[in-house]
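Chains, contacts and geometry: an overview
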Amino acid sequence: MADRDQLIAELSAIVGSAHVITDPTSLTVYECDGATQFKALPDVVVLPTTTQEVSAVVKLANRHNVPFIARGTGTGLSGGMLAVNGGIIIALNRMNRILDIDLANQRAVVEPGVVNLLLTQAVQDDGYYYAPDPSSQQACSIGGNIAENSGGPHTLKYGVTSNHVLGLEMVTTDGEIIEFGGSVEETPGYDIRGVIIGSEGTFGIITKAIVRLLRKPQGYQTLLGIFETIDEASNAVSSIISAGIIPAALEMMDGPVIKAVEEAFHWGFPLDAGAVLIVELDGITAGMQSQVEQITEIFNDHNCREIRYAKDDADRQKIWKSRKSAFGALGRLAPNYITQDGVVPRTQLPKVLRRIAEISEKYNIPIANVFHAGDGNIHPIVLFDERDPDQCERVDAVNTEILTVCAEVGGTITGEHGIGLEKMDYMPLIFSPEDLALMVDIKEIFNPSGLCNPGKIFPTAKSYAKLGLETPNHSLPGK
Ligand SMILES: Cc1cc2nc3c(=O)[nH]c(=O)nc-3n(C[C@H](O)[C@H](O)[C@H](O)COP(=O)(O)OP(=O)(O)OC[C@H]3O[C@@H](n4cnc5c(N)ncnc54)[C@H](O)[C@@H]3O)c2cc1C
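Counting from 1, residues in each chain are numbered in the order their sequence is written. For this predicted model, a pLDDT threshold of at least 70 governs which residues receive local features, and a threshold of 80 or more governs which side-chain atom pairs are given and counted, while totals over whole chains, interfaces and linings are taken from all residues.

1. Structural notes on the overall build of the protein
Strands are runs of DSSP state E lasting at least 2 residues, helices are runs of H or I lasting at least 4, and numbering of each runs from the N terminus. Assigned secondary structure in the protein consists of 16 helices and 20 strands. The C-alpha extent of the protein, read off along each of the three principal axes, is 70 × 55 × 45 Å. Working definition of a contact: two residues with C-beta atoms, positioned from the backbone, lying within 7 Å. In the protein, once contacts between residues fewer than 6 apart in sequence are set aside, the share between residues at least 24 apart is 71%.

So, in structure tokens, the structure goes:
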């Protein structure tokens, strides 16, 4: 970077030198997100505390023609916050205040650095909660959730982040401060808020959000079924939905995950089980018991070996802890893992999971599965050792084959982790050159200089070559 010292001096004047990180060791904290296979060092990290400071940093970056990238808490799983071309990371951790809670209207106004779970904790004693619940909710930020349009176990019934965000304040890529949506349900004109949610930090820096709070359901029923095979568990998922039951969550763990979780945390799962299915019903308690009976019958029809019913809230928390601790437990199985993310039609789950097992065998790369079965959002966990270049090559082939299968059965290449750096090569599997050209046009309206989070989302000529496809004539933004 040409004028690094000058840039650092000017950044320090905006946020104070204590909030500008420049030393190489500290910068390594910001070299990757949860997808640790990708690494890139920023030139500098700034930690602003106000929207005005963010705006001033963005204007400065433009004057110096330097890339800038928003970062929440770095739990992303697609390399979205990496400074691939160097530049300034704008870390939003210090913008972590809940600005307003309006229970009468079921709204909260938050800064982007608020950790997801802390919002629920702030309102739970009054009987409210914030519905989007990524499995990383103890660490991820609401700004990051908005940028990725994150989901979670309860997406099946409550939808993804965009269903719970009513209004946004954003610093545009040239440093202006604008607002979209508002605190009421309907806003006239184009739904720009909807376009920004899920734009993966490429349209500007979100500095405030008005989000919806929900009343805690009157009651819950949580069941856990232990199945002999993953096929039987998958068929039980389809049968539950076909019976007209929409659970709040419907989650599955396969044999390798059960084994890892059991060995790490001793929940009492049989080590030879083929799959565990967690079903949670919520809402008005009247009539819920009959749905539990229906699900019990469906489980039994699919040779369920054992059913556990949460007797009270402590039991329910224990069941969820077993699911949410799965990722941690998997860390014991290999030095590295990639949490793949794809979506398939629910009815295709048995076929797709069989194909994934074949791919694992073909490349001799172990794969475990823990996922949101109810919405067909699969998470094959690809286990490997990044120090072995041969394994890394095979892992790349495994990822390509898994995502190709998802696309072939009418699914898609990510359910919730976003495209970022990780999936840009696979965009041609689901989007035509014309689709992508329209997306580029939209991106250029928000981000004409390309300085905001460059090198993400759009495929390059290399991406087409990797998939064995001809490069289209349209100009490629990733070139
Ligand atoms: C163990 C584990 C489990 C997970 N489970 C789930 C899950 O169930 N569901 C799910 O959806 N995801 C899950 N994730 C992925 C991740 O937690 C989410 O993508 C989350 O929303 C990222 O938030 P973050 O604050 O860490 O964002 P970061 O990783 O810091 O950034 C992610 C992207 O958002 C952009 N961004 C961040 N803040 C802003 C802002 N204020 N304005 C504009 N752009 C911004 C960044 O530039 C980047 O492109 C999981 C991750 C882990 C490690």
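2. A few points about the environment of Lys157
If you trace the backbone, Lys157 turns up in helix α6 (residues 155-158). Residues with at least 20 neighbouring C-beta atoms inside 10 Å of their own are called buried, those with 12 or fewer are called exposed, and the rest are partly exposed, where every C-beta is derived from the backbone. The exposure class assigned to Lys157 is partly exposed, which follows from the 19 C-beta atoms found within 10 Å. As a C-alpha pair, Lys157 and Asp375 span 218 residues in sequence and 9.4 Å in three-dimensional space. Not counting chain neighbours up to four residues away, the residues in contact with Lys157 comprise Ile246, Pro247 and Ala248.

3. Digging into the sheet that holds strand β9 (residues 177-181)
Think of a sheet as strands paired side by side through backbone hydrogen bonds, with each pair either parallel or antiparallel. Strand order in the open sheet formed by 5 strands is β5-β6-β10-β8-β9, and the pairing between neighbours is antiparallel. If you trace the sheet from one side to the other, it starts and ends with β5 (98-102) and β9, each paired once. In this sheet, neighbouring strand axes are inclined to one another by 10° on average, regardless of whether the strands run parallel or antiparallel. Any two strands with at least two DSSP bridges between them are considered paired. In the sheet, β5 pairs with strand β6 (residues 107-110) via 4 bridges, with the strands oriented antiparallel. Note on β6: the bridge partner recorded for Ile101 is Ala108. In this analysis, axes come from line fits to C-alpha atoms, helices being fitted only over the stretch in contact, and the angle between any two N-to-C directions falls in the range 0 to 180 degrees.

4. Examining the pairing of strand β18 (residues 367-371)
Of all 5 residues that make up β18, 5 are buried, and the element is covered over most of its length. Judged by which residues are buried, β18 turns out to be covered on both faces: Ile367, Asn369 and Phe371 on one side and Ala368 and Val370 on the other are all buried. Where strand β13 (residues 249-254) and β18 come together, 2 bridges link them in antiparallel fashion. Along β18, the bridge assignment pairs Met252 with Phe371. The sheet contact formed by β18 and strand β20 (residues 380-384) spans 3 bridges and is antiparallel. By the bridge assignment for β20, Ala368 is matched with Ile381.

5. Things to note about the site of the ligand
If you check the shell around the ligand, you find 37 residues, and the closest are Gly72, Gly76, Gly80, Gly144 and Gly201. Of all the elements in the fold, those that place two or more residues in the shell around the ligand are β3 (68-71), α5 (142-148) and β10 (205-212). Element by element, the count of residues in the shell around the ligand is highest for α5, at 5 residues. Within the shell around the ligand, the residues separate by chemical class into 12 nonpolar, 20 polar and 5 charged. Whether a residue is near a molecule or strand depends on its C-beta atom, generated from backbone atoms, being within 6 Å of that molecule or strand. Each residue gets one label: Ala, Val, Leu, Ile, Met, Phe, Trp, Tyr, Cys and Pro are nonpolar, Asp, Glu, Lys and Arg are charged, and the others, such as Gly, are polar.

6. A closer look at the pairing of β9
Here 5 bridges tie strand β8 (residues 165-171) to β9, and the two strands are oriented antiparallel to one another. Note on β9: the bridge partner recorded for Met170 is Ile178. The hairpin turn running from β8 into β9, its antiparallel successor, is 5 residues long, and Gly175 in that turn takes a positive phi close to 100°.

7. Notes on the sheet that holds strand β2 (residues 44-46)
What the 4 strands build is an open sheet, ordered β1-β2-β4-β3; its pairing is mixed. If you trace the sheet from one side to the other, it starts and ends with β1 (20-21) and β3, each paired once. With 2 bridges connecting them, β1 and β2 associate as antiparallel partners. Residue pairing for β2: Val20 is matched across the bridge by Val46. Packed on one face of the sheet, helix α1 (residues 4-15) meets β1 and β2 and runs near 10° to β2. Packed onto the sheet, helix α3 (residues 51-64) meets β2, β3 and β4 (88-91) and runs at close to 170° relative to β4.

8. Notes on the environment of Arg107
Tracing the backbone shows Arg107 in strand β6. The class of Arg107 is partly exposed, set by 17 C-beta atoms lying within 10 Å. Here the alpha-carbon distance between Arg107 and Val165, two residues 58 residues apart in the chain, equals 9.4 Å. Not counting chain neighbours up to four residues away, the residues in contact with Arg107 comprise Asp102, Ser183, Ile210, Arg212 and Leu213.

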